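# Residue-level structural notes
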Amino acid sequence: MADPADTTIMGVVHDALRRDLVRTRDAVAADPDDARRVAVADHLVWMLEFLHHHHESEDAGLWPLVRARNPAAAPVLDRMTADHAEVDPLLARALDTAHRYRESAAVRDELLAALDGLSGPLLAHLAREEDEAMPVVAASISQAEWRQWDREFNPTKGRSIRSVAMEGHWLMDGLDPARYAVLVGLVPAPARVLLVRGFARAYRTACTRRWGADVAVGPAR
């Protein structure tokens, strides 16, 4: 294929999920004060909803596209679908508990258990997706098809600039220079300075509220 799909962004998304699952568990286990508990819960709810949408976009858009272009990919795609079927109820449990944790610290142990129950299957799935599914995707569809899937299932139209920028900084957090360049390159040049530089302080402030001042955030340099 002359222009195979560049799936770098999938690993970027997965690394952000892995990173903040650890941060979240550490923060909850530390039994934070009410203000930090609410900040952690709000971020966790956002992240789990993001993950749910991420799975939906793969199931409804990416896997059918790859299957149509490459029927031989069926065993790998079936495994991805089975992984989602295993993970999604655990995700729903964690999301429900996160909502309740926002209202009361009394469910802290329940949330820790829900996060532990989710983490094992989810982390195994993310690794399989990177190691097994993404090479198949790159061999099956073009970069144009990959970008069309992303535009259709992950649109930015209708979202606030702040929402898009804060998600971008969440993805940039801790990112190595090579993948940082790939991620920032997805942002149209006229908006790049505003999104990348204009919201850096807001992202750091939000991280301080939920993780504390001792947790370093921002791209790796």
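Note that the structure is predicted; figures quoted are calculated from it, not measured. Every chain's residues receive numbers from 1 upward, in the order its sequence appears when written. Side-chain atom pairs in this predicted model are given and counted only at pLDDT of 80 or more, local residue features only at pLDDT of at least 70, and totals for whole chains, interfaces and linings cover all residues. Processing note: side-chain calculations cover all non-hydrogen atoms of the structure and skip hydrogens and water entirely.

Examined against the element boundaries, Gly117 turns out to sit in helix H4 (residues 108-140). In sequence terms Gly117 and Val87 are 30 residues apart; their C-alpha atoms lie 9.4 Å from each other. Helix and strand assignments come from DSSP, with helices taken as H or I runs of at least 4 residues and strands as E runs of at least 2, each series counted from the N terminus.

For the rest of this paragraph, the subject is the packing of helix H1 (residues 8-29) against helix H7 (residues 177-185). Orientation is described by lines fitted to C-alpha atoms, with helices fitted over the stretch in contact, and by angles between N-to-C directions that extend from 0 to 180 degrees. Taken N-terminus to C-terminus, the directions of H1 and H7 make an angle of 110°; their axes are 10 Å apart at the nearest point. Between H1 and H7, the crossing angle belongs to the class labelled roughly perpendicular. Facing Thr8, Ile9, Gly11, Val12 and Asp15 of H1, the residues of H7 in contact are Arg179, Val182 and Leu183. Only Asp, Glu, Lys and Arg are considered charged, only Ala, Val, Leu, Ile, Met, Phe, Trp, Tyr, Cys and Pro nonpolar, and every remaining residue, Gly among them, polar. Residue classes in the contact of H1 with H7 are distributed as 4 nonpolar, 2 polar and 2 charged. Oblique is the label for every angle not falling under 35 degrees (roughly parallel), over 145 degrees (roughly antiparallel), or within 65 to 115 degrees (roughly perpendicular). Whether two residues touch is decided by their heavy atoms; if any such pair falls within 4.5 Å, the residues are in contact.

Below, the discussion takes up the pattern of salt bridges. Whenever a carboxyl oxygen of Asp or Glu lies within 4 Å of a side-chain nitrogen of Lys or Arg, that contact is scored as a salt bridge. A full pass over the atoms with the stated rule returns 21 salt bridges. Each of Asp15, Arg18, Glu130, Asp176 and Arg179 takes part in a single network of salt bridges with overlapping partners.

Pairing of aromatic rings covers Phe, Tyr and Trp, the last through its six-membered ring, and needs centres within 6.5 Å; plane angles under 30 degrees mean stacked, over 60 mean edge-to-face, and all others mean tilted. What the rule picks out here adds up to 4 aromatic pairs. Centroid distance Phe50 to Trp170: 5.1 Å. Interplanar angle 70°. Geometry classified as edge-to-face. Remark: Trp170 occurs in helix H6 (residues 161-172) and Phe50 occurs in helix H2 (residues 34-69); sequence separation between them is 120 residues. The buried label applies to any residue whose accessible area, calculated with a 1.4 Å probe on protein chains only, is under 20% of its type's maximum; exposed applies above 50%, and partly exposed to all values in between. Relative accessible area serves as the criterion here: at 16%, Phe50 is assigned to the buried category. According to the relative accessible area criterion, Trp170 is buried, its value standing at 1%. Put simply, the rings of Trp46, Phe50 and Trp170 touch in pairs and so form one group of aromatic residues.

Helix span, as expected, comes to 1.5 Å for every residue beyond the first. When the terminal C-alpha atoms of H4 are compared, their 44 Å separation across 33 residues agrees well with the 48 Å that a helix rising 1.5 Å per residue should span. Maximal helix bending in H4 amounts to about 40°, located at Ala133; proline Pro135 follows within four positions. To get the bend at a given residue, fit one axis to the seven residues ending there, fit another to the seven starting there, and take the angle between those axes.

Moving on, we get to the environment of His99. Tracing the backbone through its elements, the reader meets His99 in helix H3 (residues 74-103). Excluding its chain neighbours within four sequence positions, the residues that come into contact with His99 are Val45 and Glu49.

Another point: unusual backbone geometry. If you check the backbone angles, Asp31 has positive phi at about 55° while not being a glycine. Along the chain, Asp31 turns up in the loop between H1 and H2. Looking at Asp31, the relative accessible area reads 45%, which means it is partly exposed.

Okay, the packing of H2 against helix H5 (residues 143-153) next. At a minimum axis separation of 10 Å, H2 and H5 run at an interaxial angle of 150°. The two elements H2 and H5 cross, and the hand of that crossing is right-handed. In contact with His53, Ser57, Glu58, Ala60, Gly61, Leu62, Leu65 and Arg69 of H2, H5 contributes Glu145, Trp146, Trp149 and Phe153. Taken together, the residues that form the contact of H2 with H5 break down as 6 nonpolar, 3 polar and 3 charged. Here a crossing is called left-handed whenever its near helix is offset anticlockwise from the far helix by less than a right angle, and right-handed whenever the offset is clockwise.

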